[in-house]
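# Examination of the molecular architecture
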Amino acid sequence: MIISYNWLSEYLPVKIDPERLSKILTSIGLEVESLHTYESFKGGLQGLVTGEVLTCEKHPDADKLKITTVNTGGAAPLQIVCGAANVAAGQKVIVATVGTTIYPTNGEPLTIKKAKIRGAESQGMICAEDEIGTGTSHDGILILPADTQPGLPVADLFDSYQDYIYEIGLTPNRMDAMSHIGVARDVCAYLTHHDKQDIQVKLPFKNNFKPDSGNTLITVSIEDNVACQRYSGISISNITVADSPAWLQQKLKAIGLKPINNIVDITNFILHETGQPLHAFDASAITGNQVIVKNAGAGESFTTLDDKKRSLTANDLVIANAATAMCIAGVYGGAESGVSAATKNIFLESAWFNPENIRKTSLHHGLRTDAATRFEKGVDISNTVNVLKRAALLIKEIAGGEISSEIIDVYPNPADQKTVGLKYHYLKKLSGKNYHGDTVKNILSALGFGIMKEGMDEIWVTVPYSKTDIAIPADIVEEIMRIDGLDNIDIPATISISPSADLHSEKMAIHQKTANYLSSMGFYEIFTNSITNSAYYEPEVLSSAVKMMNSLSADLDILRPSMLETGLEVVAHNINRKNSRLRLYEFGKTYGSRGVGEYYEHNHLAVYVSGNITETTWQTKAVKADIYYLKALCEKIAASVGLSAFSVIAENIPGYEMSMTLKSGKKTIGIAGKIQSSLLEKFGIKEPVFYADIYWDELLAAKNKKPLQYREVSRFPAVERDLAFILDKKINFAEIQAVVAKANIPLLKTVKLFDIFESEKLGTDKKSMAVNFTFLDETKTLTDKEIDAMMQQIISGAEKELSAEIRK
């Protein structure tokens, strides 16, 4: 949520310093995530001065450059080399002197320095409008009126607008604060409570509304009273659609909105002022002078403002005329009924639409508009007419014309105002603080609650229609604590706790040990969103995915069925920012469904590797990540956890170019490999990515339950022997390991591959694999005879099982 300081201050009866206001907002639960200055011209045109070109001569060493002398009001004229074709003596221009920083419309800031250009000294810069951010033209330098005095600050010549902008991390339940007036109401309640004086919001609604005529007769009917409980409208005739005045454009630009025209800008202004969305129809498009609120026909085709044809469903609410739909209610306007430069008469809508209907339609069509965002959270049903009057008067003031009808207000079943009772002992239980009854009453009154009755230990209030989230006593407690200040919650001198047994300490210790190991290896831990985009997955995966019924975004609509895709988002984000040496890991969960109400989740350790694993130094060259680095990493993780009988089996796994299964005995505890380039392309990744998905629950279950035992280092030496096997090319090292394991040699401690060699001399489809064997007897020194016997066991097994030959 974006809030403008200048705009907000118009509704506050007292001036508040921007920094103090930031602290107040955070204290009342409207957390300020950032506060920054806004300038209509970046840099505020500081340092720029007006100048008069005294002389203009061709540069002797450059055809397109000119040497000028410019009077900027200083002791002496400045010599400036200029490349603009339109520069000439006698002109009044804008000069950036040495040391001035200019902010181009498109580009990075530039600080002007004294320079020599083709041998000629230049003591500044004569500016074009795009070079100082006042426009987009680069056709030549900006020429000022002839009567402009040299040496004036350029900021004084332009209508520069400055503001402070707050970015507020608004929680989903705070619809009442999704407007400047809503925020002002909370601030005034805070000041009333803390400054002990009655401070009321300066509301812009006036009592001087009066139609100019009743010439326009448009009727309104509602066919679905649940989806649309209230619909208000008014006709305005003989308007002139044009650009908005500067003050209105400045307000919208400050909060990041692009001005369109005066009518559209006023509806946007009202939206951010009051929180009530409005929609303006071109009255000439209202066939039969009828506005009908109804459900669309299933499969009905409708062209929206972005000129896209959309197929509507029977659940979509539309605003129609006597012949056809004009607008998707509360979500998006239609191409045929929108306001254009030729529009002379409009019908202005202010309505209340059911949040559930709006959200379903918005998500179904992928239309996340400002109006839909507010309707789906619930707007103030009591305020539609007041807002409509405010907007109509503004349109009349800015766009001319006349209000040509009475206000139409169709409200068949007026909403009852909610009532909530609060026990004071319950307030103390939740807040941990004793509040006096008068304090509670004053805070709630300042927030717009009506006091129904008071008792010794309770208070009953009516809830303002603007606070759609208030329904139970706990909500009232939250309101009181917010205005009192969330940073004013009492901290007791003593805290009583009941000791509990930690049943998961061992799992957490293994988790922490693994995280520490990966971090020590240069990996960075990441945390990604467990809610992700269903577009990443194939239909067979989505069939068992957990879908979100009320997702916050169309791009975040399922709980992730795998860890890979959310991690690839992080990989792509880093690579796009030139950070290509990536070693990342994440502990997280995946989710699935076996049917309605049958959900499950699994814990994972995901590892991502891309780019170089070592950097280039004066001694060594950089080494790129590969499948063997990933395999060794998985083996190290298994060893650090204490996993018994760990093995890696090469297998073809969908989605991988090279892949392997991680096993503990016969149980699969993960997969790893090189991700297919076709999947990486979906994320815009061109670099290879190696990925390991370790099933953390299975790994913990397979962990050796025996306690660790320590023993002294053997006093007897280990013996190493090497063998080179000539094998079929299809045979991998894992098969050699399996044969050696089958020999069951207790004194064999390690088996390591240290070389692979291929040559035509070895034979067609043959390769040599050199393997190192380490033997150790902790009770005595091994003899050659004993070692030879064990080596012969290995050789015999390899010859029998793998048809191996021993390379001499």
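Residues numbered from 1 in each chain as written. Predicted model: local features only at pLDDT ≥ 70, side-chain atom pairs only at ≥ 80, totals over all residues. Heavy atoms only, no water.

### Focus on the sheet that holds strand 39 (residues 667–675)
Applicable threshold: Only strands joined by at least two bridges in the DSSP assignment are considered to pair. The helix count covers DSSP runs of H or I at least four residues long, the strand count covers runs of E at least two residues long, and both are numbered beginning at the N terminus. Whether two residues are in contact is decided by their heavy atoms: any pair within 4.5 Å suffices. As a rule, the C-alpha atoms of each element are fitted with a line to give its axis, helices using only the stretch in contact, and angles between N-to-C directions run from 0 to 180 degrees.
Here seven strands make up an open sheet; going across it, the order is 29-33-34-40-39-38-37 and the pairing mixed. Here the strands that pair on one side only, and so sit at the sheet edges, are strand 29 (524–525) and strand 37 (646–650). Sheet analysis places strand 33 (residues 582–595) next to strand 34 (residues 598–610), joined by 13 bridges and oriented antiparallel. Among the inter-strand pairings, Gly-588 is bridged to a residue of strand 34, identified as His-604. Strand contacts of helix 16 (residues 627–641): strand 33, strand 34, strand 37, strand 38 (656–664), strand 39 and strand 40 (689–695), with the helix running at about 25 degrees to strand 40, the strand carrying the most contacts.

### A short note on the side chain of Arg-359
Under the convention used in this document: Only protein chains enter the calculation, and the probe is 1.4 Å; a residue is then buried if its accessible area is under 20% of its type maximum, exposed if over 50%, and partly exposed in between.
Counting through the fold element by element, Arg-359 comes out in helix 7 (residues 355–365). On the accessibility criterion, Arg-359 (11% relative accessible area) is buried. Excluding residues within four positions of it along the chain, Arg-359 makes contact with Arg-368, Glu-376, Asn-550, Ser-551 and Leu-552.

### Let's talk about the packing of helix 6 (residues 262–274) against helix 9 (residues 384–399)
Test applied: By the definition used in this description, the sense in which the near helix is turned from the far one sets the handedness, with an anticlockwise turn below a right angle giving left-handed and a clockwise turn giving right-handed. Residues are grouped as follows: nonpolar covers Ala, Val, Leu, Ile, Met, Phe, Trp, Tyr, Cys and Pro; charged covers Asp, Glu, Lys and Arg; every other residue, Gly included, is treated as polar.
Between helix 6 and helix 9, the least distance of the axes is 10 Å, while the angle of their chain directions is 145 degrees. The hand of the helix 6/helix 9 crossing is right-handed. Counting all contacts with helix 6, which are made through Asn-262, Ile-263, Ile-266, Phe-269, Ile-270, Glu-273 and Thr-274, the residues of helix 9 involved are Val-387, Arg-390, Ala-391, Leu-394, Ile-395, Ile-398 and Ala-399. Its residues assigned to classes, the contact of helix 6 with helix 9 comprises ten nonpolar, two polar and two charged.

### Overview of the environment of Ile-613
Within the secondary structure, Ile-613 sits in strand 35 (residues 612–614). Sequence-wise, Ile-613 and Lys-58 are 555 residues apart; in three dimensions their C-alpha atoms are separated by 57 Å.

### Some details on the pattern of salt bridges
To keep things clear, this is the line we draw: For this document, the term salt bridge refers to a Lys or Arg side-chain nitrogen within 4 Å of an Asp or Glu carboxyl oxygen.
If you walk through the whole model with that rule in mind, you get 32 salt bridges. Salt-bridge contacts for Glu-10 lead to Lys-251; the nearest nitrogen and oxygen are separated by 2.6 Å. One end of the pair, Glu-10, is in the loop between helix 1 (5–9) and helix 2 (18–27); the other, Lys-251, is in helix 5 (residues 246–254), with 241 residues separating them in the sequence. On the basis of relative accessibility, which here comes to 38%, the residue Glu-10 falls in the partly exposed class. For the salt bridge of Glu-458 with Lys-423, the shortest nitrogen-to-oxygen distance reads 3.2 Å. Placement of the pair is Glu-458 in strand 28 (residues 458–462) and Lys-423 in strand 26 (residues 419–423), with a sequence separation of 35 residues. A relative accessible area of 24% means that Glu-458 is categorised as partly exposed. Overlapping salt bridges bring together Arg-174, Asp-176, Asp-186, Lys-467, Glu-479 and Arg-482 as one network.

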